[in-house]
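# Chain and residue survey
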Amino acid sequence: MTLQSSLSLLTEDQLPEVLALQEQVMAVLEQPEFLQPLTEEEFLYILHGNGMMAGAYVDDRLIAFRAMLDPGEDDEHLGIDVGVAQNEMTSVLYSEITCVDPAFRGHGLQTILGKWLLEHIESEHYRYICTTVAPFNIPSLKDKFALDLQIKALQVKYGNKLRYILFRDLQKPFKEATSEQQAVPMQDIERQQQLLLTGWTGTRIEKHDNEWQVLYVK
């Protein structure tokens, strides 16, 4: 059985497995602040029709899952941060938590699950994908760029956590400009915020001389 053939949408019946895998992943994280775990109630909210979750199984064992959430009337709606019109907020879906069994890392499961979910989105209802990623969470940033999301903001979210806010319009693919480009060190938060506030977009990350940089275009 291939990993691809074992992908499926999860239901409430798989919740105990989901919670156990999330706990397993949290226990071995070197930087726990990178991952915002979901509560049992939040998982149930998604599984009861307010989003979707995909899981990857090997030999009937859940080895990875990824969630997408309909945020409803979120007080800190990411759509506001990236400029979605007020009358289109119901068309926004959040790319939420991903957990991969430590024994199965390195197989690209996060991105595989992300692409599979994007193919199964109710396109007549959802148009925009938003998500947040902590600066220097390199695997997660690479995953989001692989799913064609771009950095549109860099702000404090979840109380006091600095996060990139990434965005994708499923109906209007992003076309990268070539006339204006800037590579900014990831640690230069102020410079990145200045660029984002003046219409620049972060499209990928690169490493030069042991320094991670974000490429911005306009």
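Residues numbered from 1 in each chain as written. Predicted model: local features only at pLDDT ≥ 70, side-chain atom pairs only at ≥ 80, totals over all residues. Heavy atoms only, no water.

Counting secondary structure elements, the chain contains six helices and 10 strands. Against the 2.2 N^0.38 benchmark of 17 Å for 218 residues, the chain shows a C-alpha radius of gyration of 17 Å, consistent with a compact globule. With respect to the three principal axes, the spread of C-alpha positions in the chain is 50 × 45 × 35 Å. With 218 residues in all, the chain has 47% of them scored as buried. Just so you have it, the chain exposes about 11400 Å², and 47% of that area is on carbon and sulfur atoms. Taking the average place of the 18 positive charges on the side chains of the chain and the average place of its 33 negative ones, the gap between the two points comes to 9 Å. (Helix = DSSP H or I, 4+ residues; strand = E, 2+ residues; numbered from the N terminus. Rg over C-alpha atoms; globule rule 2.2 N^0.38 Å. Buried < 20%, exposed > 50% of the residue type's maximum accessible area, 1.4 Å probe, protein only. Areas by Shrake-Rupley, 256 points an atom, 1.4 Å probe, with all protein chains shown as cover. Lys, Arg positive; Asp, Glu negative; His and termini not counted. Charge placed at Lys NZ, Arg CZ, Asp CG, Glu CD.)

Moving on to the nonpolar core. Counting residues in hydrophobic clusters, the biggest one holds 37 residues, and the most contacted among them are Ile121, Ile151, Tyr164, Met186, Ile205 and Tyr216. In terms of residue count, helix H4 (residues 109-119) provides more of this core than any other element does, five residues in total. Residue contacts for Tyr216: discarding those within four places in its chain leaves Ile151, Tyr164, Glu180, Gln181, Gln182, Val184, Gln192, Leu195, Leu196, Trp200, Thr201 and Gly202. (Core = buried A, V, L, I, M, F, W, Y, C linked by side-chain atoms within 4.5 Å. Contact = heavy atoms within 4.5 Å.)

As a further point, take the packing of helix H1 (residues 15-28) against helix H2 (residues 40-47). It is the contact of H1 with H2, at a shortest axis distance of 11 Å, that shows an interaxial angle of 135°. By the angle class used here, H1 and H2 are oblique. For the pair H1 and H2, the sense of crossing is right-handed. Residue-level contacts link Leu15, Val18, Leu19 and Gln22 of H1 to Glu40, Phe43, Leu44 and Leu47 of H2. Looking at the contact of H1 with H2, its residues break down into six nonpolar, one polar and one charged. (Axes fitted to C-alpha atoms, helices over the stretch in contact; angles between N-to-C directions. Parallel < 35°, antiparallel > 145°, perpendicular 65-115°, else oblique. Left-handed = near helix turned anticlockwise from the far one by under 90°. Nonpolar A, V, L, I, M, F, W, Y, C, P; charged D, E, K, R; others polar.)

By the element assignment, Arg191 lies in helix H6 (residues 189-197). If near-sequence neighbours (up to four positions away) are discounted, Arg191 is found in contact with Gln182 and Val184.

In this section: the environment of Gln182. Along the chain, the position of Gln182 falls in strand S8 (residues 181-185). For Gln182, a relative accessible area of 24% puts it in the partly exposed group. For the pair Gln182 and Lys207, spaced 25 residues apart in sequence, the C-alpha to C-alpha distance is 14 Å. Aside from chain neighbours lying at most four places away, what touches Gln182 is Arg191, Leu195, Trp200, Val214, Leu215 and Tyr216. Within the local environment of Gln182, its side chain forms a polar contact with the side chain of Arg191, the two groups lying 2.9 Å apart. (Polar contact = N/O pair within 3.5 Å; in protein donor to acceptor, adjacent residues only side chain to side chain.)

The subject of this paragraph is the packing of aromatic side chains. Here the structure, examined in full by the defined rule, presents two aromatic pairs. Centroid distance Phe43 to Phe65: 5.8 Å. Interplanar angle 80°. Geometry classified as edge-to-face. On the criterion of sequence distance, the pair formed by Phe43 in helix H2 and Phe65 in strand S3 (residues 61-69) is long-range, its members being 22 residues apart. Residue Phe65 is classed as buried on the basis of its relative accessible area of 0%. Centroid distance Tyr128 to Phe167: 5.6 Å. Interplanar angle 25°. Geometry classified as stacked. Of this pair, Tyr128 sits in strand S5 (residues 128-133) while Phe167 sits in strand S7 (residues 161-169); the two residues are 39 residues apart in sequence, bridging distant segments of the chain. Like Phe167, Tyr128 is buried. (Phe/Tyr/Trp six-rings, centres within 6.5 Å; stacked < 30°, edge-to-face > 60°.)

Moving on to the pairing of strand S9 (residues 201-208). Of the pairings in the sheet, the one linking S9 to strand S10 (residues 211-217) comprises seven bridges and is antiparallel in character. Bridge pairing links Glu206 to Gln213 in S10. Following S9, the chain reverses through two residues before pairing antiparallel with S10; Asp209 in that reversal takes a positive phi of roughly 50°. (Pairing = 2+ DSSP bridges.)

From the geometry alone we can't say anything about function, so treat these as descriptive.
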